[in-house]
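# Understanding the architecture of this molecule
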Amino acid sequence: MKVPPEINKPAPGGILICGRDPGSEEVSVGKPFVGPAGRLLDQALSQAGLRRQDVTVIAGDERQSFGRDDAATGSSYAACLAGRHSANLLVTLGQQAAYDFVPDWPEHATAIQDRRGYIWQGVTGGKVLTTLWPEECLLRSDPSGIKAMLLGADLERAKKEANVRELGRKLLQIRVLS
């Protein structure tokens, strides 16, 4: 089921953060990233000096033409969003979102950990930073919290890469796609 986006006063030049496959809590509530993975994402955003209210969150699933062009229309959901929001950077959460947005990303790659934190040219022509899927940080044994810290560090890099600066207590827009 498609979960509607969470849009908080879009501003040009921000970050789109994209994940995939909303969980049962997200589908039930009708908002992206409201379950345990959402709480972890909120912590990672905070680590990066960002707030949830500065972010637009979108949760996509396998039935959407997400990053790669839809064969029938020649366009993608991501291209429409990136164009509408004038994002400087797209951040993908996890392997599947990276596959959707980064050309030549191996469809069945298993090691997002080896590819996280890098900037790639995306299918929409803009910059893409790949990072861990918050749910992955919760599903796999990570007693030291290293994966969660890496997610936060990647969001810090995204903030710098997109030139998101603090304006008093208000930050420029961050967009989260999931």
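Residues numbered from 1 in each chain as written. Predicted model: local features only at pLDDT ≥ 70, side-chain atom pairs only at ≥ 80, totals over all residues. Heavy atoms only, no water.

The predicted coordinates should not be examined in detail at positions where pLDDT is low. Per-residue confidence for the protein chain averages 75 on the pLDDT scale, and 67% of its residues sit at or above 70. Here residues 70-75 scores under 50 on pLDDT; set against residues more than four positions off or in separate chains, the count is five contacts. (pLDDT = per-residue confidence, 0-100. Contact = heavy atoms within 4.5 Å.)

On to the pattern of salt bridges, then. Taken as a whole, this structure holds three salt bridges when the rule is applied. The partner of Glu161 in a salt bridge is Lys127, and the shortest N-O contact between them spans 3.1 Å. Here Glu161 is found in helix α7 (residues 146-161), whereas its partner Lys127 is found in strand β6 (residues 127-131), with 34 residues between them in sequence. The class of Glu161 is partly exposed, set by a relative accessible area of 25%. Linking Lys147 and Glu136 is a salt bridge whose minimum nitrogen-to-oxygen distance equals 3.5 Å. Taken together, the residues span a long stretch of sequence, with Lys147 in helix α7 and Glu136 in helix α6 (residues 134-139) at a distance of 11 residues. Judged on exposure class, the residue Lys147 and its partner Glu136 are both buried. (Salt bridge = Lys/Arg side-chain N within 4 Å of Asp/Glu carboxyl O. Helix = DSSP H or I, 4+ residues; strand = E, 2+ residues; numbered from the N terminus. Buried < 20%, exposed > 50% of the residue type's maximum accessible area, 1.4 Å probe, protein only.)

Taken as a whole and assessed by the stated rule, the structure comprises one aromatic pair. Between the aromatic rings of Tyr118 and Trp120, the centroid separation amounts to 6.3 Å while the plane-to-plane angle is 65°, which identifies the pairing as edge-to-face. (Phe/Tyr/Trp six-rings, centres within 6.5 Å; stacked < 30°, edge-to-face > 60°.)

This paragraph deals with the layout of surface pockets. Considered as a void within the structure, the second largest pocket measures approximately 170 Å³ in volume. Lining the second largest pocket are 15 residues; nearest its centre among them are Pro22, Gly23, Glu26, Ala37 and Glu135. Of all the secondary-structure elements, those providing two or more residues to the lining of the second largest pocket are α1 (24-29) and α2 (36-47). Examining the composition of the lining of the second largest pocket, we find that three residues originate from one element, α1, more than from any other. Of the residues that constitute the lining of the second largest pocket, the class distribution is six nonpolar, four polar and five charged. (1 Å grid on protein atoms, 1.4 Å probe; cavity = no way out; pocket = protein on both sides within 12 Å on 5 of 7 lines; lining within 4 Å. Points joined across faces, edges and corners; volume = space filled by probe spheres on them. Nonpolar A, V, L, I, M, F, W, Y, C, P; charged D, E, K, R; others polar.)

With that settled, consider the packing of α2 against α7. The interhelical angle for the contact between α2 and α7, taken along N-to-C directions, is 50°, at an axis separation of 8 Å. One element, α2, and the other, α7, form an angle in the oblique class. In the packing of α2 onto α7, the handedness of the crossing is right-handed. Taking contact as the criterion, the partners of Leu40, Leu41, Ala44, Leu45 and Gln47 in α2 are, on α7, Ala148, Met149, Leu151, Gly152, Ala153, Leu155 and Glu156. When grouped by side-chain class, the residues that make up the contact of α2 with α7 number nine nonpolar, two polar and one charged. (Axes fitted to C-alpha atoms, helices over the stretch in contact; angles between N-to-C directions. Parallel < 35°, antiparallel > 145°, perpendicular 65-115°, else oblique. Left-handed = near helix turned anticlockwise from the far one by under 90°.)

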